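# Structural description and commentary
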Amino acid sequence: MEWFEAIILGLVQGLTEFLPVSSSGHLMIGRELLGVEAAEDLVFEVLVHAATVLSTIIVFRKQLWALIKGFFKFKYNDETDYVLKICVSMIPVFIVGVFFKDFVEGLFQSLFIVGIALMATAFLLFFSDLASGPRRKASLSERKNYRNGISYWQAFVVGLSQAVAVIPGLSRSGTTISTGLLCGVRRDVMAQFSFLMVMIPILGESFLQVVGGGLTGSSIGTLPLLLGFLSAFVSGLFACKVMIALVKKARLSWFALYCAIVSLLIFIFG
């Protein structure tokens, strides 16, 4: 992988991680278009995902600091409740990571799978937009007055959707946000919860790569890895802030249309 290819792919990752269009799917498309022979090297993908998590930490630094301070008061308060719900949401993806890792990695070899998953993302975004439009009545979470705007069962269901979204082309942010909306979580609550719930799994995967010597065993040079990381981090900062605003106000149907078009292009030319 050349240095300019790493920058381009880092930009793709950073911009698409927070938009509901599948960063993993777009990385595979980008590699195919650039002719990059890195389909079997997951180190680059892990690093650029870690870069976007770092951008999430920067954007939500005040909320994270409040959660940390509240959690270590060692009493059941709003912050403890929120952290525990994030932990509940991570159970499904933890199970997938432990027991189905090889199967998931095998899915990253086919653009056809990406095309199918992008079409599924399009349908999910479209129907969740219909169910939670700005003119709809108060959400289920508001009517039930769930603490922090989300219940434990909603957090777990959203976690299930995140576990399914390991399939390339099935947008993680799009799937989790859409699932949350369909479960009756308010848009702004779901946007923040969706971005925060992914941090620990990705940081954990990055840590395992470092401890296991994955970085030294990578077929990609140090400079491309570094440039890809920085590119994904900077573009991720921008995309994270944009996506928060879009989820609150904009229609997800436009992203559904984009995913459907990209899916059709894959089927035609892929």
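None of these values were measured; they are calculated from a predicted model.

This next bit is on the overall build of the chain. Along the chain, the regular secondary structure elements total 14 helices and zero strands. Across the 270 residues of the chain, 51% fall into the buried class. Expressed as a percentage of contacts within the chain between residues at least 6 apart in sequence, the contacts between residues at least 24 apart total 81%. Just so you have it, the chain exposes about 13300 Å², and 70% of that area is on carbon and sulfur atoms.

Quick look at helix H13 (residues 222–249) now. The α-helix winds at 3.6 residues per turn, so residues separated by three or four positions along the chain end up facing the same way. Given a rise of 1.5 Å per residue, 28 residues ought to cover 40 Å, and the 41 Å separating the end C-alpha atoms of H13 matches this to within 8%. The principal kink in H13, of about 25°, is found at glycine 236.

Looking at the element boundaries, valine 46 is found in helix H3 (residues 42–59). Classification of valine 46 by relative accessible area gives buried; the value is 12%. Considering only alpha carbons, one finds valine 46 and leucine 203, 157 residues apart in sequence, at a separation of 8.8 Å.

By the element assignment, glycine 10 lies in helix H1 (residues 3–18). The class for glycine 10 is buried, based on a relative accessible area of 0%. A sequence separation of 42 residues divides glycine 10 from threonine 52, and the C-alpha atoms of the two residues are 9.5 Å apart. The residues contacting glycine 10, other than those within four sequence positions of it, are Phe44, Val48, Gly228, Ser231, Ala232 and Ser235.

Over its 21 residues, helix H7 (residues 111–131) runs 30 Å from end to end, which matches the ideal 30 Å to within 8%, given 1.5 Å per residue. Buried within H7 are the following residues: Leu111, Val114, Gly115, Ala117, Leu118, Thr121, Ala122, Leu125, Ser128 and Asp129. Capping the start of H7 is the job of one residue whose side-chain oxygen sits 3.2 Å from the backbone nitrogen of phenylalanine 112: serine 110.

We now examine the packing of aromatic side chains. A complete count under the given rule lists nine aromatic pairs for this structure. Centroid distance tryptophan 3 to phenylalanine 4: 6.0 Å. Interplanar angle 90°. Geometry classified as edge-to-face. For phenylalanine 4, a relative accessible area of 39% translates into the label partly exposed. Aromatic side chains phenylalanine 60 and phenylalanine 195 sit 6.2 Å apart centroid to centroid with 50° between the ring planes, which places their arrangement in the tilted category. Here phenylalanine 60 is found in the loop between H3 and helix H4 (61–71), whereas its partner phenylalanine 195 is found in helix H11 (residues 187–197), with 135 residues between them in sequence. With a relative accessible area of 3%, phenylalanine 60 lands in the buried category. Taking NZ or CZ as reference, lysine 85 lies 5.3 Å from the ring centre of tyrosine 152, over its face.

Conventions we followed
Residues numbered from 1 in each chain as written. Predicted model: local features only at pLDDT ≥ 70, side-chain atom pairs only at ≥ 80, totals over all residues. Heavy atoms only, no water. Helix = DSSP H or I, 4+ residues; strand = E, 2+ residues; numbered from the N terminus. Buried < 20%, exposed > 50% of the residue type's maximum accessible area, 1.4 Å probe, protein only. Contact = heavy atoms within 4.5 Å. Areas by Shrake-Rupley, 256 points an atom, 1.4 Å probe, with all protein chains shown as cover. Expected span 1.5 Å × (residues − 1). Bend = angle between axes of the 7 residues up to and from the residue. Polar contact = N/O pair within 3.5 Å; in protein donor to acceptor, adjacent residues only side chain to side chain. Phe/Tyr/Trp six-rings, centres within 6.5 Å; stacked < 30°, edge-to-face > 60°. Lys NZ or Arg CZ within 6 Å of the ring centre and 35° of its normal.

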